[in-house]
Structures are given as C-alpha cells and as structure tokens.
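Below are the chains, spelled out letter by letter.
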Amino acid sequence: MAEAADFQGMTPSPARRWLRRTGALLAGAPLLAGLLQLPAATPAAAASGSSTVAVALDTLTPSAPTDGDTLTVSGTVTNNSKQAVTDAQVDLRVGPALSTRSEIDTVAKRTDFQPGLDGTVVGGKYVKKFTKLAPGVAQDFSISVPVDELDLGSDGVYQLGVSLTGETSAQQWQQVLGIQRTFLPWQPEGADTKTKTTVLWPLVSTVHMTAETGSNEQQTPVFLNDDLAKEISPGGRLEQMLSLGKELDVTWVVDPDLLASVDAMTRTYRVESGSTTVAGTHQRVAMAWLAELQEAVTDKEVVALPFSDPDLASLAHNGTTVTGSLSHLKEATDAATTTVKTVLHVTPSTDFAWPVEGAVDPSIVKVATSAGADKVIARSDSLQETGGLPYTPSSARPIGGGTTAVVSDARLSTAFEGDLTKASATTLAVQKFLASSLALNAQTDKQRSIVVAPQRMATASQARAMAEAVTALQDGNWSQTQGLTSAAAAKPDTSATTKVPSASAYPSSLRKQELPKAAFEQIATTQDKLDRFKVILTDASRVVTPFGRAMNREMSTSWRGRAAEANRYRNAVERYLNSLVSQVRLIDKSETKLSGRSATIPVTVQNNLVQGVEHLVLRLTSTSPTRLKIGDGEYQEQRVAVSGGHSQSVKFTTSAQANGKTTVTAQLFTEDGQAYGDPVQFDVKVTEFTATVMLVIGGGFLLLVLAGFRMYTQRKRAAAREATEDDPDETGEAVDATENPADSEDRLQKESGTLRGADDPEQPSDPAPDTAAESADPSGTGERVDR
C-alpha cells in the first residue's frame, strides 16, 4: 500500500539544537577514539548487550507536552541476565524528528540499541542512578525534566528513548544494556489546519439471550449465562467502556441486541444452569448501567447497527444463495431503530453498515446496503490508495450506486489491539497513536476528516488505553472533534481512490472465520418451521418476536472464531422451536372396533401451549375406502380450534362396507394445506351382522313382548273373577259359570281388541321389532367408538 500517511519533510531544527548535538559529538570524540582501539569484538558485544536489561516505560505525562510543561517518565528496569549490573544509570534520549508515519512504524519495531539512531542523552541531573541491579529484580525509576531542557525544535514527532547503561562482570565498561523507545508529539501551539477526527465508541457484546421465554404474561427471558452481568458490573468491560466514553466527545456505535438484553435484565429473568434454569439476580446492576448510558448519549450522536450486529461478510459470501437470508438482515435493521428508541430514548442513525475490520469487496457492499444503509464503514488497509497521494485523504469516498465508503484510518484504528494489561504496553500504544495522528496532520495544509474505528469489543484495559489516547488527542492542538455523520458528508478528495477491491483481495484470515453456508441453511429451516407454526397461534407475536430475534443472533458477527458455540446456539434454537410445535399434537389411538354398518370415530387433538390454536384442519383418511368409508369418500376434514392447555375430541362419521381390518390415518394440516406434526395411524376392525342374525334377534324380542302381555292379561282376569265371586250382583250382569275358561279368555280378548285372528290385518300401531346393530358379545380390548 502506498504510504498515504507520509509527508515530505519537516522544517530544520533551530541552531541551538544543532550546536548542542554537535558539541556532544565533539566531546565524545576521545571516547570514540579509545573505543576504536579495543578488540573488534567489543562493539558487537556492546550492541548485543542492549537486551540484557528490560526497560518498561509505565507512564509518560503529559502525553503531548507544550511549552512550560515538565515531562515525567517513570517505569521499571529489570536485570534479565544472571550477572549483577553495576554503576547503572537510566537516561532519557531525544532522537531526531520523524518525517513520516512509516518512520514511526520502523522505530517502534526496533529492539536493540543502535548508536546514531537513538538520539543524544539529556544527561545532567535528569538521570536515575543505581549502584547495583541484581539478577531478576525490578527497580523503579522516575525522571522529571522541563520540556525546555529537551531542546525540541519545530512542531512534529520526536523519538524519545529511555535507556539503561552499566557494566557487568563479563563486560566491564559502560554500555547500553537496555532501551525502550516511544514518541513525543510536539505541537505547543494550535496548528494552522487541524484534522477533523471522528472516534467511534462501540458498545457491542456477544450473544447472551436464548429464544426461550417463560409461559407467563411477561414472557420471562432465559439467558445462556450470566456473563453480561459481569460485563456491566463495576470494573467490567462494558462498564469501563461506558464510564470512560461518557467523558469523551465520541460517536456511540451500539448493537441494539445489547440494549435489549440489558433491558431484559432489569426485570425478572432466568439463566441456564445445566439442564434447568435459575433466577437472575442482577437487576440493579442492569438498571444502573442503562441509566448511566441514557445520560451519556444525551445530545450525542448514536449509530445503531442492525440488531445483533449481523456478519455482513459471511452473509455476502455464504448466505445470499440461501432463500430468506437477506430478509433477516432487513428485519434486523428495522428492529434497530425501535429498540434504541425504546431503551435509550434517542433516535439513532441506521445509515451505516460496518463489515468486520472494515474489509470490503463488491458483494459485501451490495449486501451491506441491501437493507437500507447507504454508507459503509471500510478501512484504509482494505480500500487502499493507489494514486500515490503524499497524504491521507478524507474518509468519505463515493463508490457508486449512491453509496459512500467511510474509510477509517488503519493505523489509528488498530492502535489498541493486543494485550494492554501492562501499563508499559498502554503507554507505548497511547504515544504511538498520538504520534501517528500528529504526523498525519502535518502531511498537508488541506483540512481532512479522519475516522478512527477501533475493534468492536475492546477489553477493559484496551478501553482505558483508548480513552487515555482520545482524551490527549481532544486536548491537543492539532485535532478537532467531528461526528460520524459529518465525516461521511464531508467533501470527498477527488484524488482519493473509489475502487472497491475485488473478492480475491478479501483477507483469507477473515474468510476462515465466516459463518458457513450450512449455518444459513439451518436458519432457513428454522424460519420455515416458524412460518408453519405461527399461522395456528391465536397470539403469534409471543413466538414470532423471540424467535425472530434469536435468528438475528444466529447471524451475529460475535460468532467469528467461535464456530462450535455458534453451532450449539443454532441447534438449541431449532430444538426449542420443535418442542413448542410438538405441544400441539394428536393423541395416539389403539385399535378401534366398529360393530354395525355405521359409527363415529373420535380423534383427540391436544394443545399443551399456554395460548389457543386455530386455523388447523384435521383429516381422517381410510387406506381401504372400499371396506371403510370416512364421510363421503376416502377421507374427511374438520376444522380444529383448541384452547391453551386443553384437548378436543373431533368425531368422524364412518360407514362399513365389509368386515375386516382397515388402517386409518389422522393428520393435522394448516389451512394452506401444509402438514402439521406427525400423523397418527390406527386400525379399525369392522364386524358387521348378517340379515338372518338380525331377523332372529328381532323375532326373539317379539316373543318376549307377547309373553309379557299374556302374563299381564291373565293376572287382570284373575283379579276380575275374584271381585265377582265376592259380589256377584255388583256388575249387574250374570256370568255363565259353565263357560269354558279358555273360551271366556278368548271372548274377553276379542272384546278388548287385543287379540287378532290369523287372518286379521296388521294394525299401524303394532310395535316394530328393534334391530339395533349392537353386538351382545363382551367388549374387546380395543377402543370403543360412539355410534
């Protein structure tokens, strides 16, 4: 890449600086002559000994001094050898001014002491002496020197070295045994042209919430773990980002999923613990963090990423061929504004897309802008300058199609990566950041807009280093603050590149971390199941919203480098959806016996959800309609609606055509014809009676009726005779005592009309035989049906 950040030179140092350094060289001439007479191996030994003692530079204040300031440098020196170091002294060395940012990089990479390149010793009383440095023992030092004593020249960046000289028993002469280099930005007065600098301050985390919610009215959320509570607790990563960022003039870049997760923690929530869940207990921490954030973003620019910060590069490279993947990005973008407004009470900008590490290619740009964003945050090590510009151009670049690439500066954006847990590492990172920024400002008299887009999820130590550097930058004399929207709207440099690199230029290290195509296919499968499930629900939002957000989380950038965790999360989401779908099902049936020509068969639909289901159709199908018809054909359908936590029995009319066993299939369908759940199959055994059997049963029943009637009349006649004998004149009619009893009975029956001769016609009121088709046999073990 062309050194876009270099400039063509700096003005010469003043005469007094030149005289002082010339004098130092003359004074060292006798020593140099003596050294030349030493054996040839001595200089080499002196150079190799510059790593004998480790010099750690823990503090340098002020980071960007001005006239009248006193520079204080402190740290430790540690003897890493097995021999004691004697007659040791810590010195400050001011090196030459550095003309380009490339020179700054070169100096930062050097480790050994190099005479002539590491500047002259300030000396005098501005030293720290040690009589002896024992092996393995760290000794503290602190040196304070007025900036005027450093004889700094014109504005610019100066190399500042902290070295330790001393002797060992093996090398008994004064030599540099250790050195640490850093940089001193020197801009004592306001620059004629200041760089407009935009610093992004990301509030992004990993995925914490599952798709699972409680069955109560509030739908209590379930978290994967309680790690988010650690991040927002005092001293935690996100607590540090917030407490430090609120003191800075920065553009907040937030993931709405983080806000939604913390907001959920302010109420009742649960946390997975093995195979069960436990109550979350960090409501107060969550409320305090959100309240502080709401205050911090008041009157500040807030940029909202799509919900859960979807991995745009993974989507572009592996997801666009999977149906529905881009729709998830649109949903995530739409959810961003609502979430930020609800939680933070501010209206965010959703015009910006931020691919991982600002790496872009045409497909990434296309996907990034497909959901409505028209600005893509790229980085200068991806969208590289090819025109040979001697300076870094402004960030905004029109790249076609109405899209603006906002190119962040790679050097400044990556300045705080790596392990910054040690104070010495932080100090070096801060000083290099400031030096690179000042060198960039000195490249040209043109005013430019520069963007700093640091890593998405800075550690607590990285956050502290970033805040220290941004504070010094905003207090410095060469930079002024600007928001991201203003940087994107700045007039582009016509000489800057606008060519998006090809797909082959995308870093292979980043491509290896992408979500695979299989991940997007699984998301599509889950979405398809959700679509079939939601249509039967009386309150679909209770399911659609949590699962929609969960699928957004499945596409999160935070899964990079965590493929196994990402796969487990996707499986858990799909498994939970399957468990909900299975709560609406058909109850298994045993063999059903059907006696007679027709009967009804009940099929039970069970709903174990807390809400009702509707828009379902239950279909009962006979595999042998010539033997058993259901309804008017081989199958019959009925609509089903079941309240939450209840079951409903649906009855189907059947008619038997022949004896034997027939398999019947029950299957639920949605109203649009999609099968729902597993089918239930059961056997129906038909045992139809013949006409002869029915006639025999009917005749037997008639005989029983007649016999009962005969017994009734006989008893009535006997009672009448007894009454006559007791009072023969009571009826006023004489009875022929000589009449045959049988003739008398026939006569009475004829008179009463209850007896017909063999030739008498049948009367309409005669009872008909009961031919109900019900077997008198004992019931079998199968399920009985309603007739």
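Calculation criteria
Residues numbered from 1 in each chain as written. Predicted model: local features only at pLDDT ≥ 70, side-chain atom pairs only at ≥ 80, totals over all residues. Heavy atoms only, no water. Helix = DSSP H or I, 4+ residues; strand = E, 2+ residues; numbered from the N terminus. Contact = heavy atoms within 4.5 Å. Areas by Shrake-Rupley, 256 points an atom, 1.4 Å probe, with all protein chains shown as cover. Pairing = 2+ DSSP bridges. Axes fitted to C-alpha atoms, helices over the stretch in contact; angles between N-to-C directions. Patch = residues over 30% accessible without salt bridge, like charges linked within 9 Å, V, L, I, M, F, W, Y side chains within 5 Å. Salt bridge = Lys/Arg side-chain N within 4 Å of Asp/Glu carboxyl O. Lys, Arg positive; Asp, Glu negative; His and termini not counted. Charge placed at Lys NZ, Arg CZ, Asp CG, Glu CD. Core = buried A, V, L, I, M, F, W, Y, C linked by side-chain atoms within 4.5 Å. Buried < 20%, exposed > 50% of the residue type's maximum accessible area, 1.4 Å probe, protein only. Polar contact = N/O pair within 3.5 Å; in protein donor to acceptor, adjacent residues only side chain to side chain. Expected span 1.5 Å × (residues − 1). Arc of directions from axis to C-beta.

S.K.: What's the story with the overall build of the chain in this structure? I'm lost.
M.R.: Scanning the chain from terminus to terminus reveals 21 helices and 30 strands. Across the chain, every contact between residues at least 6 apart in sequence was considered, and the portion connecting residues at least 24 apart equals 78%. Accessible surface, the chain as shown: approximately 37300 Å² in total, 51% of it carbon and sulfur.

S.K.: So what exactly am I meant to see when it comes to the sheet that holds strand β2 (residues 70-79) here?
M.R.: Consider a sheet: its strands pair through backbone hydrogen bonds, and that pairing is either parallel or antiparallel. With antiparallel pairing, three strands are arranged side by side in an open sheet as β1-β2-β6. Two strands lie at the open edges of the sheet, namely β1 (53-61) and β6 (138-146), each paired on one side alone. Taken over all neighbouring pairs, the strand axes of this sheet differ in orientation by 20 degrees on average, direction set aside. Summarising the sheet, β2 and β6 pair through nine bridges and their orientation is antiparallel. Directly across from Gly75, in β6, lies its bridge partner Phe141.

S.K.: I would appreciate a short explanation of a negative patch on the surface in the present structure.
M.R.: Residues Asp67, Asp148, Glu149, Asp155, Glu189, Asp192 and Asp445 make up a contiguous surface patch of negative charge. Position of Glu189 among the secondary structure elements: in the loop between β8 (175-186) and β9 (195-203).

S.K.: Would you explain the nonpolar core in this entry?
M.R.: The tendency in soluble globular proteins is for nonpolar side chains to be buried side by side. Formed by 75 residues in total, the largest nonpolar core has its most connected members in Phe533, Phe547 and Leu618. Here this core gets seven residues from one element, more than from any other, and that element is helix α19 (residues 563-581). Non-local contacts of Phe533, meaning those with residues more than four positions away in its chain, are made with Val543, Leu577, Leu580, Val581, Leu609 and Tyr676. By size, the runner-up hydrophobic cluster in this structure holds 64 residues, among which are Leu242, Val271, Leu293 and Trp478.

S.K.: Looking at this structure, how should I read helix α7 (residues 256-265)?
M.R.: Among the ten residues that make up α7, eight are buried, leaving the element largely enclosed by the rest of the structure. Capping the start of α7, Asp255 holds a side-chain oxygen 3.0 Å from the backbone nitrogen of Asp257, two or three residues further along.

S.K.: Even after reading the chapter, I still don't get the pattern of salt bridges, so can you show me in this structure?
M.R.: Where side chains of opposite charge bring their charged atoms close, a pairing between them can arise. Per the stated rule, a full pass over the model turns up 26 salt bridges. Across the pair Asp409 and Arg101 runs a salt bridge, and its minimum N-O distance is 2.8 Å. With a gap of 308 residues between them, Asp409 in the loop between β19 (403-408) and α12 (410-413) and Arg101 in helix α4 (residues 101-109) connect regions that are remote in the sequence. Here the two residues Asp409 and Arg101 agree in accessibility, since each one is buried. A salt bridge links Glu591 to Lys661, with the nearest nitrogen and oxygen atoms 3.2 Å apart. Of the two residues, Glu591 is situated in the loop between β22 (584-586) and β23 (592-595) and Lys661 in strand β29 (residues 660-670); the sequence distance between them amounts to 70 residues. For Glu591, a relative accessible area of 27% translates into the label partly exposed.

S.K.: Can you walk me through α19 in this structure?
M.R.: Each turn of an α-helix holds 3.6 residues, which means side chains three or four residues apart point in the same direction. With 19 residues, α19 extends 27 Å from end C-alpha to end C-alpha; this agrees with the ideal 27 Å at 1.5 Å per step. Those residues of α19 not exposed but buried are Ala566, Tyr569, Arg570, Val573, Glu574, Tyr576, Leu577, Leu580 and Val581. Looking straight down α19, one finds its buried side chains confined to an arc of 155 degrees; they lie on one side. Residues Arg568 and Arg575 are exposed on α19 and point more than 90 degrees away from its buried face. Buried residues along α19 sit in contact with β10 (209-213), α17 (517-534), α18 (541-554), β22 and β30 (675-687).

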